[in-house]
Amino acid sequence: QVQLVQSGGGSVQTGDSLRLSCTYSAPLNLDYYSIGWVRQAPGKEREGVACFGTGGRSNVYLDSVEGRFTISRDAAKPVVYLQMNDLRPEDTGVYTCVARDYLVDLCGTNPSEPRYWAQGSQVTVSS
């Protein structure tokens, strides 16, 4: 059974940075599973924030975070990261690491529904 455990988050000021980490368990393998980060703010729909590209494509980012957020993976450990720089109040929300078996789009205009979810982390950005 795939498990996702994330860490990070918290309350910061505008312009600050945060890094979220997500440790995944077997049988999740990034060669065959899709993984990414979604967020949900109060009263808003869930958004795919950053996901690894599939089928040789580039990583996918929400337009509003492009250039500020970076999704990456640890070369030696089963961990993926979301580095968030230049945070803004509109970035406030619950961020969750998600995954799904097979290489599908978890971000973008027509994302697939994640099958596996981490516990989520609150990120609050104050002006």
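Just so it is clear, the structure is predicted and the values come from calculations on it, not from any experiment.

Peer 1: When you look at the pairing of strand 9 (residues 93–101) in this model, what are you seeing that I'm missing?
Peer 2: Strand residues, when the strand is regular, have side chains that alternate between the two faces of the sheet. Most of strand 9 is tucked away: seven of the nine residues are buried. Across eight bridges, the pairing between strand 4 (residues 33–40) and strand 9 is antiparallel. In the strand pairing of strand 9, glutamine 40 is matched with valine 94. Of the strand pairs in this sheet, strand 9 and strand 11 (residues 121–126) are connected by three bridges, and their pairing is antiparallel.

Peer 1: Teacher, can you tell me more about the sheet that holds strand 7 (residues 69–73) here?
Peer 2: Two strands in a sheet stick together by hydrogen bonds in their backbones, pointing the same way (parallel) or opposite ways (antiparallel). Pairing within the open sheet is antiparallel, and its four strands lie in the order 1-3-8-7. Each edge of the sheet is formed by a strand with only one pairing partner; in this case those strands are strand 1 (4–7) and strand 7. For this sheet the average axis-to-axis angle between neighbouring strands, irrespective of direction, equals 15°. Here five bridges tie strand 7 to strand 8 (residues 79–84), and the two strands are oriented antiparallel to one another. When the bridges of strand 8 are listed, phenylalanine 69 appears paired with methionine 84.

Peer 1: Mind showing me how you'd approach the pattern of salt bridges here?
Peer 2: Side-chain pairing between opposite charges can occur once the charged atoms of the two side chains come close. Under the criterion given, the structure shown has eight salt bridges. For aspartate 91, the salt bridge is made with arginine 68, and the minimal N-O distance between the two is 2.8 Å. You can see aspartate 91 sitting in the loop between strand 8 and strand 9 and its partner arginine 68 sitting in the loop between strand 6 (60–61) and strand 7, a full 23 residues away along the chain. Across the pair, arginine 68 and aspartate 91 agree in class, each one buried. In this structure, lysine 77 and aspartate 74 form a salt bridge, with 4.0 Å as the shortest nitrogen-oxygen distance.

About the criteria used
Every residue gets a number counted from 1 within its own chain, in the order that chain's sequence is written. At least 70 in pLDDT is required for a residue's local features to be given in this predicted model, at least 80 for side-chain atom pairs to be given and counted, and no such filter applies to totals for whole chains, interfaces and linings, which use all residues. Computation of side-chain values: all heavy atoms of the structure, hydrogens and water removed. Buried means the residue's accessible area, taken with a 1.4 Å probe over protein chains only, is under 20% of the maximum for its type, while exposed means over 50%, and partly exposed covers the values in between. Labels follow the DSSP assignment, with helices taken as runs of H or I lasting at least four residues and strands as runs of E lasting at least two, numbered in each case from the N terminus. Pairing between strands requires that DSSP locate at least two bridges from one strand to the other. A fitted line through C-alpha atoms serves as each axis, taken over the contacting stretch for helices, and the angle formed by two N-to-C directions is quoted from 0 to 180°. A pairing counts as a salt bridge when a side-chain nitrogen of Lys or Arg comes within 4 Å of a carboxyl oxygen of Asp or Glu.

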